[in-house]
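Read off the chains here:
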Amino acid sequence: MVSLVDGVLLAALVGTNACVLPLYLKLKRLDRAQAEYGRAVAASGHALASAGEAVRSFTGEGRAVLEALSAKIDEAKATLDALEAGRREAARAEGRR
């Protein structure tokens, strides 16, 4: 009788191990996947921080370029106005002769 009970308990233990082993392997894969996911999220965070810094830098540099361009446009307008005034003066001088 004892060996029959031992046999049943051994079969139950083997069955339990057969169910637990795949679960254990799945948990190990899940742990690896979670670690990889954590690394990917951290890398994404660093990439987003770098992108934000690039946008801030680009905005500052863009503002400086825009201000310099605006100054050059104003300078060009002043030069065109001076040339136009000189052309009108020359035309008046020609008309007086």
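Further up the page is the structure itself.
Please read these numbers as outputs of a predicted model, since none were measured by experiment.

Rules used in this analysis
- Residues numbered from 1 in each chain as written.
- Predicted model: local features only at pLDDT ≥ 70, side-chain atom pairs only at ≥ 80, totals over all residues.
- Heavy atoms only, no water.
- Salt bridge = Lys/Arg side-chain N within 4 Å of Asp/Glu carboxyl O.
- Helix = DSSP H or I, 4+ residues; strand = E, 2+ residues; numbered from the N terminus.
- Buried < 20%, exposed > 50% of the residue type's maximum accessible area, 1.4 Å probe, protein only.
- Patch = residues over 30% accessible without salt bridge, like charges linked within 9 Å, V, L, I, M, F, W, Y side chains within 5 Å.
- Areas by Shrake-Rupley, 256 points an atom, 1.4 Å probe, with all protein chains shown as cover.
- Lys, Arg positive; Asp, Glu negative; His and termini not counted.
- Charge placed at Lys NZ, Arg CZ, Asp CG, Glu CD.

### A look at the pattern of salt bridges
Thought 1: Counted by the stated rule, this structure contains 4 salt bridges.
Thought 2: The residue Glu84 makes a salt bridge to Arg87 at a minimum N-O spacing of 2.5 Å. Taken together, the residues span about one helical turn, with Glu84 and Arg87 both in helix α1 (residues 2-96) at a distance of 3 residues.
Thought 3: Given the relative accessible area of 29%, Glu84 is considered partly exposed.
Thought 4: Within the structure, one salt-bridge network assembled from shared partners comprises Glu84, Arg87 and Arg88.

### Examining a nonpolar patch on the surface
Thought 1: Together, Met1, Leu4, Val5, Val8 and Leu9 line one region of the surface with nonpolar side chains, adding up to about 560 Å² of accessible area.
Thought 2: Relative to the elements of secondary structure, Val8 occurs in helix α1.

### Side note on a positive patch on the surface
Thought 1: Together, Lys26, Lys28, Arg29 and Arg32 make up a positively charged patch on the protein surface.
Thought 2: Within the element layout of this structure, Arg32 appears in helix α1.

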